[in-house]
Structures are given as structure tokens and as C-alpha cells.
Amino acid sequence: MLLHPEHWGGLRGRYEQDRPRRMLALDGGGIRGLLTLGILEKLEALVAAPLCEYFDYIAGTSTGAIIAAGLARGRSVGDMVQFYRDNGKEMFERAFLIERLKYFYTADPLREKLGVVYGQNTDLGPDNLKCLLLVVTKNVTTDSPWPISTNPDAKYNDPSRQDCNLRIPMWQLVRASTAAPVYFPPEILQWDPADPSKTFVFVDGGVTPYNNPAFQLYRMATEPAYRLNWQKGEKNLLIVSIGTGAAESLGATAAAPNKNILSNVAGLPGELMYAMQIDQDINCRMVGRCTYGGALDRELLDLVPRMTTEGMTLDQQYAAPLVPLSTDLGRNFLYARYNADLSRQGLDRLGFQRVDPTSIQKMDAVENMETLLAIGQKAGEAIQREHLGSFI
């Protein structure tokens, strides 16, 4: 039941009754958001409805926040694909140093484009959204992750507060989540117009532990402190998590422990993002019940429950029958994770033998836009109705 039904506006009728809920979480990853959109095309076709109608809560970090906000506003996946095609080059291309410096004093292209697509005066109020939205940002002033939810019952969304989150312009919140260090200047937001001390500096949510926001989304939907209180359980809660592509990076070896040390340092942020994505994914697969996901490692495998694996070879374990979803294992939610392996071997398996993995893994290589979309579309073929259980 809603805590303050009068705060929910046009969303009240959809959320005032307790029922099973479906949630979507979208990773960060720059221009590789087009890979996410390729996967979402298949998901949208499978559920045969706008994703804002199928999913009750959509979360996104960085480029995932751009997509999540668009979907929550009622845009189709096709709309967002066209948005990336039209604006991806200006939003994500690595600028020359002189241009980067210029952005600190003039309106940058990302800010301009987001203002157009979401509207300069559109805030986070329930009448501006078709479903609940969660955007992950990092508050540099407090040096902490700030996941901002549009749940009207949340403590800091109370309209009587001067610093009510829901008054923040949507485009500016998304811009805060996508303010990648080096590429764009931080976003400065004054939460309370009457109190300058509540002015904060934000950078890309991808540098928080929630570049994959799936487990944070689960917490904010079920933890009583967040005041949404959705019911846990395999039949009550579904989370679909979608990545922007992943690949392990090979570092130093015992034979050459100091080889490429400078390039290793330069690649540290991306490697940390990869490690955090995996950690959040593991949390979801252990607390929730995983119905689909790539292998995590050779010990955990994919954590999809199977009838028996003891004493089996690796191939035999993957071939073992799945525990049917009709058998409730007592997990807190149903969970499916879709992503694409962007390593050499992964690209080969997807049929992209001519794609350079070093290039396709970059988050600012806008020349790869159509290839990224095609890779996502191919990865999306893994989506099956049975992964969604009773939620479809």
C-alpha cells in the first residue's frame, strides 16, 4: 500500500495495489549503450508492450541513465536508438583537449542534447513519468554514491521539503549521472534554492559501486527505509539486468610482472568498473534466483540452479537439467542477466570475427555505433520467455 497516495499523481492507480513487480536495470558504458539497446529490442518484442508498461521500476547508471529516463518517459527502444544515432557522436566522442577545456566554460553537447530529449522544464514528478525511475549519480561534495529514485513516498521526495528530489530537472539529473571525468565537467545542482549549503557537485555514476545498478534497485524496492516495501519472493519480484558488454583484461604475468605498467594504470578505472559490475551481478544471483546469465568464473559457473552437478565435468554441469521454476527455492527475486562478451573469443562466438575487440571495448569509439547495436541484437537472441517465469 502507498504511504501517501496523494503524492503519486497519475501513477497512483498503477501502484496503489500490491501485486508482483518487474524491474529493469541498465549498466553504464558510454557509447556502448547501443549494445544495451540492441538487447532491449528483443526484450521489447518479447513482452509485446512498451517497456515502461511492462516494467514497474527502471534503473540506469551513466549511459544506462539516459536510456532508463527515456524509457520511463514512455519512449520506445527504437526512439532511443535513433537518439543515439543522431547524437552519439557529440555526446561520447573523445574531444580534443582544447575543446574539453572549453566545455568547462560553455554549455557542453551532452547537456544540450539531454535538455532537448527530456525537456528543459521536466522534473521528476510522477506526472512526468510512466513508471518509477532510479538514476545513479556520485556526489563528489560528500564523496558518496547518490542513487536518486522517483518513488513519491521516499523520505527526500516529500513535496513539503525545500530540498525535494522530485523538483530536480530530469535532464540535469541524467547529465549528473553521465558526467564522466575528463570528458565532461561535473554537474552542479542546488537542491534547496534557499540554502546554498545544499549545492553539490556530481560526476558519472559509473565511478560508484553501482555501475551495474541491479542490486541497488532491489534494495530500494524492498528495504523499508526506502518506503516502497515491495514484497520479496520468486513469484513477487523480477529483475532483468542488461550490460553494455564486458571482457576481462589481461595484465602482467609472472614472466613479465612490470610489463605495460603505464597502460595498466591508464586502464584502472575501466577494470574497476568491470570488477564492480561482476560483484553486483554475483549479489543478484546469490540473493535472487538466476534464470539466465553468462558464466561468472570456472568455480561459480552461472549460478543457475540445476538438478545436480556433483562430480560432473564442466560441460556436463551446463547440460544438467534446470530446477523447474515451479519449484520455489525461497530466493528473494527472479533474476536474468543479459550481456555480450567483447573478448576475442566472445566476439567470435557471436559471429563478429572481423571486429577488433580492442576497439569495440572502448566507451567513446563512436565509429562503432552500428556494430555495437548489431552485437546487442545478436546477444539479445539469448532472451527466452521461460527466463521471465510467471512474469510474462
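Scroll up to find the structure.
Residues numbered from 1 in each chain as written. Predicted model: local features only at pLDDT ≥ 70, side-chain atom pairs only at ≥ 80, totals over all residues. Heavy atoms only, no water.

Asks: Hey, could you go over the overall build of the chain for me, with residue numbers and the actual values?
Replies: Counting its secondary structure elements, the chain contains 15 helices and nine strands. Put simply, the chain has 392 residues, and 52% of those count as buried. Carbon and sulfur atoms provide 53% of the accessible area of the chain, an area that totals close to 17700 Å². (Helix = DSSP H or I, 4+ residues; strand = E, 2+ residues; numbered from the N terminus. Buried < 20%, exposed > 50% of the residue type's maximum accessible area, 1.4 Å probe, protein only. Areas by Shrake-Rupley, 256 points an atom, 1.4 Å probe, with all protein chains shown as cover.)

Asks: So what's going on with the side chain of Lys138? Which residues, and what values?
Replies: Mapped onto the elements of the fold, Lys138 is located in strand E3 (residues 132-139). In terms of polar contacts, Lys138 uses its side chain to reach the side chain of Asp143, at 3.4 Å. Other than its neighbours up to four places away in sequence, Lys138 contacts Asp143, Ser144, Pro145, Trp146, Val201, Phe202, Val203, Asp204, Gly205, Val207 and Thr208. (Polar contact = N/O pair within 3.5 Å; in protein donor to acceptor, adjacent residues only side chain to side chain. Contact = heavy atoms within 4.5 Å.)

Asks: So, the packing of aromatic side chains: which residues are in play, and what are the values?
Replies: One pass over the full model with this rule turns up 14 aromatic pairs. Summarising the aromatic geometry, the rings of Tyr15 and Trp230 are spaced 6.4 Å apart at their centres and angled 5 degrees between planes, so their arrangement reads as stacked. Of the two residues, Tyr15 sits in helix H1 (residues 12-15) while Trp230 sits in the loop between helix H9 (214-222) and strand E7 (237-242), which places them 215 residues apart along the sequence. Of the two residues, Tyr15 and Trp230, neither departs from the other in class, the shared state being buried. (Phe/Tyr/Trp six-rings, centres within 6.5 Å; stacked < 30°, edge-to-face > 60°.)

Asks: Break down the nonpolar core for me, citing the residues and quoting the values.
Replies: Judged by nonpolar contacts, the single largest core of 101 residues is most densely connected at Leu24, Leu40, Leu43, Tyr57, Ile66, Leu71 and Tyr118. Beyond its immediate stretch of four places on either side in the chain, Ile66 contacts Met80, Phe83, Tyr84, Phe92, Leu110, Leu114, Tyr118, Val174 and Thr178. (Core = buried A, V, L, I, M, F, W, Y, C linked by side-chain atoms within 4.5 Å.)

Asks: So what's going on with helix H2 (residues 33-47)? Which residues, and what values?
Replies: For H2, built from 15 residues, the straight-helix expectation of 21 Å at 1.5 Å per residue is met to within 8% by its first-to-last C-alpha distance of 21 Å. Counted residue by residue, H2 has twelve buried out of 15 residues, so it is predominantly covered. Turning to H2, its buried residues number three or more, namely Gly33, Leu34, Leu35, Thr36, Leu37, Gly38, Ile39, Leu40, Leu43, Glu44, Leu46 and Val47. Where H2 terminates, the next one or two residues include Ala48, which has phi positive at roughly 55 degrees. (Expected span 1.5 Å × (residues − 1).)

Asks: Before we move on, could you go through the pattern of salt bridges and cite the residues and values that matter?
Replies: Here the idea is simple: oppositely charged side chains can pair when their charged atoms come close. This structure, assessed with the given rule, holds 16 salt bridges. For Asp56, the salt bridge is made with Arg14, and the minimal N-O distance between the two is 3.2 Å. Placement of Asp56 in the loop between helix H3 (51-54) and strand E2 (57-61) and of Arg14 in helix H1 is noted, with a sequence separation of 42 residues between them. Classification of Asp56 by relative accessible area gives buried; the value is 0%. Where Arg306 meets Asp302, a salt bridge forms, and the shortest distance between an N and an O atom there is 2.8 Å. We classify Asp302 as buried; its relative accessible area is 6%. Each of Arg14, Arg19, Arg21 and Asp56 takes part in salt bridges that share partners, so that together they form one network. (Salt bridge = Lys/Arg side-chain N within 4 Å of Asp/Glu carboxyl O.)

Asks: Tell me about the pairing of strand E5 (residues 187-190), and name the residues and values.
Replies: Only one face of E5 is buried: it carries Glu187 and Leu189, and the other face, with Ile188 and Gln190, is open. As paired strands, E5 and strand E6 (residues 199-203) are joined by four bridges and run antiparallel to one another. Directly across from Glu187, in E6, lies its bridge partner Phe202. (Pairing = 2+ DSSP bridges.)

Asks: Requested: an account of the environment of Gly125, with residues and values cited.
Replies: Take Gly125: it is sitting in the loop between helix H7 (109-118) and E3. Through-space distance from the C-alpha of Gly125 to that of Met170 is 9.2 Å; in sequence the pair is 45 residues apart.

Asks: So what's going on with the side chain of Thr222? Which residues, and what values?
Replies: Structurally, the position occupied by Thr222 is in helix H9. In this structure Thr222 comes out as buried when scored by relative accessible area, which is 8%. A polar contact of 2.9 Å, which involves the side chain of Thr222, links it to the backbone oxygen of Tyr218. With sequence-adjacent residues up to four places away left out, Thr222 is seen in contact with Asn229, Trp230, Lys232 and Leu237.

Asks: An account of the environment of Glu367 is requested, with residue identities and associated values reported.
Replies: Tracing the backbone through its elements, the reader meets Glu367 in the loop between helix H14 (357-360) and helix H15 (369-379). The spacing of Glu367 and Gly88 is 279 residues in sequence and 9.7 Å in space, taken between C-alpha atoms.

Asks: Outline the environment of Pro305, listing residues and values.
Replies: If you trace the backbone, Pro305 turns up in the loop between strand E8 (289-292) and helix H12 (314-319). Residues Pro305 and Leu322, spaced 17 residues apart in sequence, show a C-alpha to C-alpha distance of 6.0 Å. Here Pro305 is in contact with Arg289, Cys290, Leu322, Val323 and Leu329, once residues within four sequence places are set aside.

Asks: Please provide a residue-by-residue account of unusual backbone geometry, values included.
Replies: The phi angle at Ala48 is positive, at roughly 55 degrees, despite the residue not being glycine. Along the chain, Ala48 falls in the loop between H2 and H3. Positive phi outside glycine occurs at Arg227, with the angle close to 65 degrees. Note on placement: Arg227 falls in the loop between H9 and E7.

Asks: Break down the packing of H2 against helix H4 (residues 63-72) for me, citing the residues and quoting the values.
Replies: At a closest axis distance of 9 Å, the pairing of H2 and H4 adopts a crossing angle of 40 degrees. Here H2 lies oblique to H4, going by the angle between them. Relative to H4, H2 is oriented so that their crossing is right-handed. Taking contact as the criterion, the partners of Gly33, Thr36, Leu37 and Leu40 in H2 are, on H4, Thr63, Ile67 and Leu71. (Axes fitted to C-alpha atoms, helices over the stretch in contact; angles between N-to-C directions. Parallel < 35°, antiparallel > 145°, perpendicular 65-115°, else oblique. Left-handed = near helix turned anticlockwise from the far one by under 90°.)

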